[in-house]
Amino acid sequence: MYITQKQEQFSIAYISALAATLGFNPGTFKVDDDSIDISFKSKGYSGKVRRNPQIDIQLKCTKAKPNKDGVLPFPLPVKNYNDLRDEYQNNPTYLVVLIVPENENNWIENRENDMLLRNKAYWFSLRNMPETDNDSTVTIHIPTKNVLTSDSFKKLMDYASEGKSL
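Q: Got a minute to help me understand unusual backbone geometry in this structure?
A: A negative phi holds for most residues other than glycine; trans holds for most peptide bonds. With phi around 65°, Ser35 is a residue other than glycine that occupies positive phi space. For Ser35, the position within the fold is in the loop between strand S1 (25-27) and strand S2 (38-41). Within the chain, Asn128 stands out as a residue other than glycine whose phi angle is a positive 65°. In this structure, Asn128 sits in the loop between strand S8 (120-124) and strand S9 (137-143). What makes Asn128 exposed here is its relative accessible area of 52%.

Q: Teacher, can you tell me more about the environment of Lys60 here?
A: Looking at the element boundaries, Lys60 is found in strand S3 (residues 54-62). For Lys60, a relative accessible area of 21% corresponds to the partly exposed category. Sequence separation between Lys60 and Leu98 is 38 residues, and the spatial gap between their C-alpha atoms is 6.2 Å. If we skip the residues at most four places from it in the chain, Lys60 touches Ser11, Phe74, Leu76, Pro77, Asn80, Leu95, Val96, Val97 and Leu98. A distance of 3.1 Å separates the side chain of Lys60 from the side chain of Asn80, its partner in a polar contact.

Q: How should helix H3 (residues 150-161) be read in this particular structure?
A: Residue pairs three or four apart in sequence face the same way in an α-helix, which turns once every 3.6 residues. Helix length check: H3 (12 residues) gives 17 Å between terminal C-alpha atoms against 16 Å at 1.5 Å per residue, within 8%. If you check which residues of H3 are buried, you get Ser152, Phe153, Leu156, Met157, Ala160 and Ser161. Considering only its buried residues, H3 is in contact with helix H1 (3-22), S2, S3, strand S5 (93-99) and S8. Gly163 occupies a position one or two residues after H3 and carries a positive phi of about 75°.

Q: Help me understand the pattern of salt bridges, please; the structure alone is not making it clear to me.
A: Any two side chains of opposite charge can pair, on the condition that their charged atoms come close. Inspection of every chain in the model, using the stated rule, returns 7 salt bridges. Ionic pairing is found between Asp158 and Lys154, a salt bridge with its closest N-O pair at 3.0 Å. Placement of both Asp158 and Lys154 in helix H3 is noted, with a separation of 4 residues, approximately one turn of the helix. Judged by relative accessible area, Lys154 falls into the partly exposed class, the value being 38%. One salt bridge connects Lys164 with Glu162, and the closest N-O pair in it is separated by 3.6 Å. By relative accessible area, Glu162 is classed as partly exposed at 32%. A single salt-bridge network, built from bridges that share partners, covers Lys48, Glu162 and Lys164.

Cut-offs used in this document
Residues numbered from 1 in each chain as written. Predicted model: local features only at pLDDT ≥ 70, side-chain atom pairs only at ≥ 80, totals over all residues. Heavy atoms only, no water. Helix = DSSP H or I, 4+ residues; strand = E, 2+ residues; numbered from the N terminus. Buried < 20%, exposed > 50% of the residue type's maximum accessible area, 1.4 Å probe, protein only. Contact = heavy atoms within 4.5 Å. Polar contact = N/O pair within 3.5 Å; in protein donor to acceptor, adjacent residues only side chain to side chain. Expected span 1.5 Å × (residues − 1). Salt bridge = Lys/Arg side-chain N within 4 Å of Asp/Glu carboxyl O.

Set out below in structure tokens:
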């Protein structure tokens, strides 16, 4: 398997494991037309704007590290940039960038009583970002405070239930 395919599969496994602990139901599409790799739906939001809110995710994986200013610069293909910044999306849509160690043998460690995943994911909303004249990529500056954790993932879904995105 090519390294990019390994990164893609590892990213899906990572976010799916996180979503499973929250009870979010994952879904994928056979064709990626709109830069959506995976969607998550949730139940239990009666009385909100959306009863079964859904968020859509574009997954990326990198070995790059955040800079000392607390930002992860990430070169995003222009097609993804334009799809994710569209203000008319039906669901809140986020870019999630997973950072993995340089050596793929260090991505995961199987231990006697548990398994350790060595990585960290960051989320970012591109909604209403400005148009670009770039031809190939746009560098997104993701604040490292946007760590994707169980709490932040739930918060993204809570906002979706209110018809909002962060």
